[in-house]
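# Summary of the model geometry
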Amino acid sequence: MAQDALTGWDDEATAEAYAAFTRSFPMYTATSRDLASRARLTTSRTIVDLCGGTGATAQAILTLAPHDAQVITLDNAPAMQRIGRRTVNDPRLTWTTARAEELAEHTPAGGVDAVLCNSAIWKTDVSAVFAAVRRALRPGGRFVFNVGGGFAGVEHPDARSLPARPSLGSLIEQITARDYRLPSPAAGAGPQLPLPAITRQLAGAGLTLVEAEVTAQHTTMAERRAWLSIPVFARPDTGLSYRQQMEILEKAYAQTRPDDVTVTSWLVVVAQRGGAPE
Ligand SMILES: C[S@@+](CC[C@H](N)C(=O)[O-])C[C@H]1O[C@@H](n2cnc3c(N)ncnc32)[C@H](O)[C@@H]1O
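Before going into details, it helps to say that this report is about the structure given with it. (Residues numbered from 1 in each chain as written. Predicted model: local features only at pLDDT ≥ 70, side-chain atom pairs only at ≥ 80, totals over all residues.)

As a further point, take the overall build of the protein. Helix and strand content of the protein: 11 helices and seven strands. Expected size for 278 residues packed as a compact globule is a radius of gyration near 19 Å; at 19 Å, the protein falls within 12% of this value. Taking the principal axes of its C-alpha atoms as reference, the protein extends roughly 55 × 40 × 30 Å. Across the 278 residues in the protein, those meeting the buried criterion constitute 35%. Across the protein, every contact between residues at least 6 apart in sequence was considered, and the portion connecting residues at least 24 apart equals 82%. (Helix = DSSP H or I, 4+ residues; strand = E, 2+ residues; numbered from the N terminus. Rg over C-alpha atoms; globule rule 2.2 N^0.38 Å. Buried ≥ 20, exposed ≤ 12 C-beta atoms within 10 Å, placed from the backbone. Contact = placed C-beta atoms within 7 Å.)

Dropping the structure here:
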C-alpha cells in the first residue's frame, strides 16, 4: 500500500488553494475538531499532528491543549508547511518536515500522549505508520484518525436520505466522457482501508481499537466545487490540463444549485497503546 505520498502536495498552487479552502469552508476544520475532541488533549503534554498540512488540524489541537503542551505538526510537503508557518503562530507548535512513516525518528520513544491524523492516513504506508505511532506513544496514549468513506467502504445513513440528484463528481464524469471521449475512472477493487483491516493492522502494531464511528459531514455544492478546484484533487489520469478540468467543473456546477447539500461519510477511529481503555 506504500505510495508516493508527496505526489501533488508539494506544490505552491495546491498549498495556496488548500489554505484558502480551509479558511473559507469548514470541511477540514470540522473533521480536525472532531478528532481533537476524541483525543483527550486537555491532559496531554506532547501531541503529534500527523500529515498536518497547512495547520488546520494543529489549530484544532492547540485550542484544546494545555498552555504548556508541545505540539509537533509533521508533514512531508514543504510547500504546505511554508504556508502553515506563515499563518499559524503559537509558541507551543513545532513544524517538522518528514514522512509520517518516520514519526518515531522525530519524537521521544514512548513519550507522546496523543497522535492525530486528519484526512490523510490512506495516503500513507499504513502498517509503517501504525508501527511508528506505537513506538512514539506512551502506554495508554491515544491515536485518533479518520478515513474517507470511500476508502473505508462506509456510508452514513444521512447519505441515503437525501433527494436523489447527481453528484458533482458524476456530472464531471459525464461531461468529461461527452466532451473529451474519456472513460470514467475504473472502479477500484473495493475499499482500500475497511475497519477489519484497520483493526488487524492496529493489533499487528500493538495498538488496540477503542472506538470506531461512521460520521456524516454535510457539504454544499459550493463547498464541493471549491474543494474540487484544489489542483491536487484534479484527475491526473485524464491527461487534461487544469484549465480544461476547471471548465468541466464549471459546466457540471452549472447543473446544480449552490445550496444543494451532499453528505461526505467518514470512518473515525480511536486507538490506544495498551489493552483496556483508560
Ligand atoms: C488533505 S491534507 C490534510 C492536512 C491536515 N491534516 C488538515 O486537515 O488540513 C493531506 C496531507 O497529508 C500529507 N501527507 C500525505 N502522505 C504523507 C506522508 N506519507 N507523510 C507525511 N505527510 C503526508 C500531504 O502532504 C498533505 O499535506
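So that's the structure; there's more coming.
The set of residues buried in helix α10 (residues 221-228) consists of Met221, Glu223 and Arg224. Projection of α10 onto a plane perpendicular to its axis shows the buried side chains occupying an angular sector of 160°, all on one side. The inward-facing, buried residues of α10 abut α2 (27-38), α8 (168-180), β6 (207-220), α11 (242-254) and β7 (261-273). (Arc of directions from axis to C-beta.)

Contact geometry for helix α1 (residues 12-24) and helix α4 (residues 78-87): axes closest at 8 Å, N-to-C directions at 45°. As the angle between them shows, α1 and α4 are arranged oblique. Judged by the twist between their axes, the crossing of α1 over α4 is right-handed. For the pair α1 and α4, the contacting residues are Glu12, Ala15, Glu16, Tyr18 and Ala19 in the first and Ala79, Met80, Arg82, Ile83 and Thr87 in the second. Each residue belonging to the contact of α1 with α4 can be placed in one class, and the counts come to six nonpolar, one polar and three charged. (Axes fitted to C-alpha atoms, helices over the stretch in contact; angles between N-to-C directions. Parallel < 35°, antiparallel > 145°, perpendicular 65-115°, else oblique. Left-handed = near helix turned anticlockwise from the far one by under 90°. Nonpolar A, V, L, I, M, F, W, Y, C, P; charged D, E, K, R; others polar.)

So, on to the nonpolar core. Membership of the largest hydrophobic core comes to 48 residues, with the highest contact counts inside it found for Val48, Leu50, Ile61, Val71, Val115, Leu116 and Val133. Looking at this core, the element that brings in the most residues is helix α5 (residues 126-136), giving six residues. Excluding its chain neighbours within four sequence positions, the residues that come into contact with Val71 are Ile47, Asp49, Ala58, Ile61, Leu62, Ala65, Arg92 and Leu93. (Core = buried A, V, L, I, M, F, W, Y, C linked by C-beta atoms within 7 Å.)

Residue pairs spaced three or four apart in an α-helix point in one direction, given the helix's 3.6 residues per turn. With 12 residues, α2 should cover 16 Å at 1.5 Å per step; its first-to-last C-alpha distance of 17 Å lies within 8% of that length. Within α2, the full set of buried residues consists of Tyr28, Thr31, Ser32, Leu35 and Ala36. For α2, the angular spread of the buried residues around the axis is 140°, confining them to a single face. Phi turns positive, to about 55°, at Arg40, one or two residues after α2. (Expected span 1.5 Å × (residues − 1).)

Turning next to the sheet that holds β6. The seven strands lie next to each other as β3-β2-β1-β4-β5-β7-β6, forming an open sheet whose pairing is mixed. Edge positions in the sheet fall to β3 (93-97) and β6, since each has one partner strand and no second. Neighbour to neighbour, the strand axes of the sheet diverge by 15° on average, direction disregarded. Pairing analysis gives five bridges linking strand β2 (residues 70-75) to β3, with the strands arranged parallel. (Pairing = 2+ DSSP bridges.)

With that settled, the discussion passes to the environment of Pro163. Mapped onto the secondary structure, Pro163 falls in the loop between α7 (157-160) and α8. Each C-alpha atom, one on Pro163 and one on Arg235, is 27 Å from the other, the two residues being 72 residues apart in sequence.

With that settled, consider the pairing of strand β5 (residues 137-148). The sheet contact formed by strand β4 (residues 112-117) and β5 spans five bridges and is parallel. Bridged to Leu116 within β5 is Val144. Read as a crossover between parallel neighbours, the route from β4 over α5 to β5 is right-handed. Relative to β7, β5 runs antiparallel, the two sharing seven bridges. Bridge pairing links Val147 to Leu267 in β7. (Right-handed = clockwise from strand over helix to strand, strands pointing away.)

A separate point is unusual backbone geometry. Backbone geometry places Cys51, a non-glycine residue, at a positive phi of 60°. Assignment of secondary structure puts Cys51 in the loop between β1 (46-50) and α3 (56-64). By C-beta crowding, Cys51 is classed as buried, having 25 other C-beta atoms within 10 Å. In the Ramachandran plot, Ser119 falls in the positive-phi region, its phi being about 55° despite a non-glycine side chain. The residue Ser119 is located in the loop between β4 and α5 in this model.

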